[in-house]
Amino acid sequence: MTGDMRIAAQLYTVRQIGGLASQLDLVSACGFTDIETIGFHDLTPQDMVRRVERSGLNVRSAHFDWEEFETRFDEILDLLRLLRCRVAVMPWLTPEARPDTSEGWMDVSGQLADWGAQLAEHDIHLAYHNHDYDLTELSDETPLDLILAQENLYWQPDIGWLAVSQKDPTRLLQRYADRIVSVHAKDAEPSAGQGDERWRNLGQGVVDWPRVLHILESSPCTDLFVEHDETTKHAETLQTGHRFLERHLSAEVG
């Protein structure tokens, strides 16, 4: 199934590059045809769609944070419909909004499931994107476990966050392989510190990519979104990631 996975760009990687049109121009120039968006990019849904259509790029997945789901759900539906995008991802709870009990996270998972059911009526999957705060055990389960206990929710693993927070980053990938719709392909060097200095271009960190891709081969994963949270060399990061994944996908297929 590896040959069916597409290499795409996560626009968070290029968020410092002007407005959406400039970001899309750079992504396209780096050889990508597919992208994942982040919120509304400070535009109306109609204006955002016009800019994407002018770029010729395909929106394979779209991120919206918790507050956007709470306050702009109808606009999210409109945007996804106009973009012909069938995957929405909830990637972020502010520190103030994060529960500190299993009961609190069960409420979060229940609300996500409700949104997921509404999106499913429009043939859209809702996935959850992890960081590290949702991988810490509360009693015997993590917040991620509680979220994925909801059968209508999917998972978008962030490989970089798994690498810096887990002794064996592939354990969770194997456990929840059948729920994975896409991944953030991000590399890391955990020994470099505690913050954004840990992130690396693909192939320059500790992630065992052949093993990761082998697990994804048996999952429903369709997209590998190249990401680096704080790169200062945006084109280099995107081109390096694209070439790296292309080479490894070819090796898996071969």
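Residues numbered from 1 in each chain as written. Predicted model: local features only at pLDDT ≥ 70, side-chain atom pairs only at ≥ 80, totals over all residues. Heavy atoms only, no water.

Q: For this particular structure, what's the right way to read the pattern of salt bridges?
A: Where charged atoms of side chains with opposite charge meet at close range, the side chains can pair. For the coordinates displayed, the defined rule picks out 12 salt bridges. The salt bridge involving arginine 60 is made with aspartate 223; its shortest N-O contact spans 2.8 Å. Here arginine 60 is found in strand 3 (residues 58-63), whereas its partner aspartate 223 is found in strand 10 (residues 223-226), with 163 residues between them in sequence. For arginine 60, a relative accessible area of 24% puts it in the partly exposed group. By relative accessible area, which is 3% here, aspartate 223 ends up buried. Taking the shortest distance from any N to any O, the salt bridge between arginine 81 and aspartate 78 comes out at 4.0 Å. Taken together, the residues arginine 81 and aspartate 78, both in helix 4 (residues 73-83) and three residues apart, mark about one turn of the helix. Classification of arginine 81 by relative accessible area gives exposed; the value is 53%. Linked by salt bridges that have partners in common, Asp158, Lys186, Glu227 and Asp229 make up one network. (Salt bridge = Lys/Arg side-chain N within 4 Å of Asp/Glu carboxyl O. Helix = DSSP H or I, 4+ residues; strand = E, 2+ residues; numbered from the N terminus. Buried < 20%, exposed > 50% of the residue type's maximum accessible area, 1.4 Å probe, protein only.)

Q: Mind showing me how you'd approach the pairing of strand 2 (residues 34-38) here?
A: It is a general feature of regular strands that their side chains alternate between the two faces of the sheet. Counted residue by residue, strand 2 has four buried out of five residues, so it is predominantly covered. In this sheet, strand 2 lies alongside strand 1 (residues 6-10) in parallel orientation, the contact comprising two bridges. Across the sheet, residue glutamine 10 finds its bridge partner in strand 2, namely glutamate 36. Note that the unit made of strand 1, helix 1 (residues 20-29) and strand 2 has a crossover that is right-handed. Pairing of strand 2 with strand 3 involves five bridges; the strand directions are parallel. From the neighbouring strand, isoleucine 35 faces strand 3, where its bridge partner is valine 59. (Pairing = 2+ DSSP bridges. Right-handed = clockwise from strand over helix to strand, strands pointing away.)

Q: Help me out: how do you make sense of helix 1 in this one?
A: Those residues of helix 1 not exposed but buried are Leu20, Gln23, Leu24, Leu26 and Val27. Buried residues of helix 1 fall within an arc of 160° about the axis and therefore sit on the same side. Opposite the packed face of helix 1, turned more than 90 degrees from it, sit the exposed residues Asp25 and Ala29. Of the residues trailing helix 1, glycine 31 is marked for its positive phi of about 95°. (Arc of directions from axis to C-beta.)

Q: Hey, could you run me through the sheet that holds strand 3 in this one?
A: Paired through backbone hydrogen bonds, the strands of a sheet run either parallel or antiparallel to each other. Strand order in the open sheet made by the eight strands is 6-5-4-3-2-1-10-7, with parallel pairing throughout. Looking at the sheet topology across the chains shown, the edges are occupied by strand 6 (153-156) and strand 7 (182-185). Direction aside, neighbouring strands of the sheet carry axes that sit 35° apart on average. Where strand 4 (residues 87-90) lies against strand 5 (residues 125-129), four bridges are found, and the strand directions are parallel. Bridge assignment links valine 89 to a residue of strand 5, and that residue is alanine 127. (Axes fitted to C-alpha atoms, helices over the stretch in contact; angles between N-to-C directions.)

Q: Help me understand the layout of surface pockets, please; the structure alone is not making it clear to me.
A: With a probe scaled to a water molecule rolled over the atoms, the places where space remains empty come into view. A volume near 560 Å³ is recorded for the largest pocket. Residue lining of the largest pocket: 29 residues in total, with Tyr12, Ile38, Gly39, His63 and Pro91 positioned closest to the centre. Class assignment for the residues of the lining of the largest pocket results in nine nonpolar, eight polar and 12 charged. By volume, the second largest pocket amounts to about 330 Å³. Together, 21 residues line the second largest pocket, and Asn58, Val59, Arg60, Leu83 and Arg84 are the ones closest to its centre. Among the secondary structure elements, those contributing two or more residues to the lining of the second largest pocket are helix 2 (45-55), strand 3 and helix 4. Here the residues of the lining of the second largest pocket are counted per class, giving 11 nonpolar, four polar and six charged. (1 Å grid on protein atoms, 1.4 Å probe; cavity = no way out; pocket = protein on both sides within 12 Å on 5 of 7 lines; lining within 4 Å. Points joined across faces, edges and corners; volume = space filled by probe spheres on them. Nonpolar A, V, L, I, M, F, W, Y, C, P; charged D, E, K, R; others polar.)

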